[in-house]
Amino acid sequence: MDDTGPIHTPRDIPAKRLDVPSTVSPQLQRSISMLAAAPRIPMNEAPRTAEAWRAFIAGADAQTLALRPVLAQMFPHTETKGEIAGVTVREIVPAGYDAARAGGRLLVHFHGGGYVMNGGEASTGEAVLGAHYSGLKVISVDYRMPPDHPFPAGVDDAVAVWTALLKDNDPAKMGAFGTSAGGGMTLAMTLKLKALGRPLPGALGLGTPWVDLTGASDSYQVNAEVDGIFSRFDAFAQAMAKLYAGDAPVSDPLVSPVYGDFAGFPPSILTTGTRDILLSDTVRTHRALRAAGVTSQLEAYEAMSHAEYIFAFDGPESAVAFGEMAAFFDKHLAR
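Read on for an overview of the structure. (Residues numbered from 1 in each chain as written. Predicted model: local features only at pLDDT ≥ 70, side-chain atom pairs only at ≥ 80, totals over all residues. Heavy atoms only, no water.)

Section: empty space enclosed by the protein
Unoccupied space between atoms shows up once a probe the size of one water molecule is rolled over them. Here is the rule we go by: Put simply, the grid is 1 Å and covers the protein atoms alone, a cavity is a trapped set of points that fit a 1.4 Å probe, a pocket is an open set with protein on both sides within 12 Å along at least five of seven lines, and lining residues have an atom within 4 Å of a point. Grid points are joined across faces, edges and corners, and a volume is the space filled by probe spheres set on the points. In DSSP terms, a helix is any run of H or I states spanning at least four residues, a strand is any run of E spanning at least two, and both are numbered starting from the N terminus. Note on residue classes: Ala, Val, Leu, Ile, Met, Phe, Trp, Tyr, Cys and Pro are nonpolar, Asp, Glu, Lys and Arg are charged, and everything else, Gly too, is polar.
One pass over the full model with this rule turns up one cavity of 30 Å³ or more. Reported here for the largest cavity is a volume of approximately 70 Å³. Lining the largest cavity are Glu126, Thr179, Gly205, Leu206, Gly207, Ile269, Thr271, Tyr309, Ala321, Phe322 and Met325. If you list the elements that add at least two residues to the lining of the largest cavity, you get strand E6 (203-207), strand E7 (268-273) and helix H12 (316-332). For the lining of the largest cavity, the residue count by class is six nonpolar, four polar and one charged.

Take a look at the structure:
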């Protein structure tokens, strides 16, 4: 009998109650409590038609849009909508922007939202925070999404904007960043640029990137229902993955970048939390980058759910997370 093969014996875990930890700031404690009390997105059932998807997306985006006035008050900035290479973008300029200090450095942002949500005006929250803490201009790319525009439309838009920016900017002075699907899009764009032989960003900021849409990562199981924001992968999130992939397999490296070749990639900083359902996606990406010889810095935060450093933006953990990313760009982007 061959006993050298893999063993697949599942382990049952008893149900338990998660207390609000005393090891984090009062602001993050409040966020964790609010998430526990808030109505959950019904992750066990996905929309079945394009119209139902659009209705769900509109409702989700409305919640994100409600934060815009608060962000504008706490992090003053100007926002200008425009187009680059036919793609809608929004330029975010933080208050007190110093062009001389920036020295031509620029950040390009890709929003999260499961590759289907947070488009339009709902796309810029993280870009505002990134601009504030870095002191740099941010170009936030409003890439096309399903149900009308599945893969590869979003990656094509990302590549088109980046390529157009190369005409007037030094790629070594440009960083790219995003969280969740935005982190995945950042990696997918970089993989595509590499395949095309085009200049890559000088550095990447990858916030809890959604990089394995097959659902294989361990924390999809371990942190299911532990994560207060992205509560589980099966059903709803799995449907988002398939909706985004369209006719492509979800294992395609441009859909699930963790399966790509990261050799030659720029220095990267990755952010996650101990309650993050994409903790494993983040760790696997970090290890793959390191294995490819890439400089990679992993930042993990106590008790944080998926992308909570964006939503709990009034807390010190958020300031530290974005401050670490800003310092990383400052170190690795050319001057």
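Thoughts on the side chain of Ser280
Formally: Only protein chains enter the accessibility calculation, which uses a 1.4 Å probe. A residue is then buried if its area is under 20% of the maximum for its type, exposed if over 50%, and partly exposed in between. Whether two residues are in contact is decided by their heavy atoms: any pair within 4.5 Å suffices.
Topologically, Ser280 is positioned in helix H10 (residues 279-291). For Ser280, a relative accessible area of 13% gives the class buried. Apart from the residues lying within four places of it in its own chain, the contact partners of Ser280 are Ser217, Asp218 and Ser219.

Concerning the pattern of salt bridges
Rules: Salt bridges are counted wherever a side-chain nitrogen of Lys or Arg sits within 4 Å of a carboxyl oxygen of Asp or Glu.
Taken as a whole and judged by the stated rule, the model has 13 salt bridges. Between Arg90 and Glu79 there is a salt bridge, and its shortest N-O distance comes to 3.7 Å. Placement of Arg90 in strand E2 (residues 87-94) and of Glu79 in strand E1 (residues 77-84) is noted, with a sequence separation of 11 residues between them. When the shortest N-O distance is used, the salt bridge between Arg90 and Asp142 registers 3.2 Å. Here Arg90 is found in strand E2, whereas its partner Asp142 is found in the loop between strand E4 (138-141) and helix H6 (153-165), with 52 residues between them in sequence. There is no split in this pair, since Arg90 and Asp142 are both buried.

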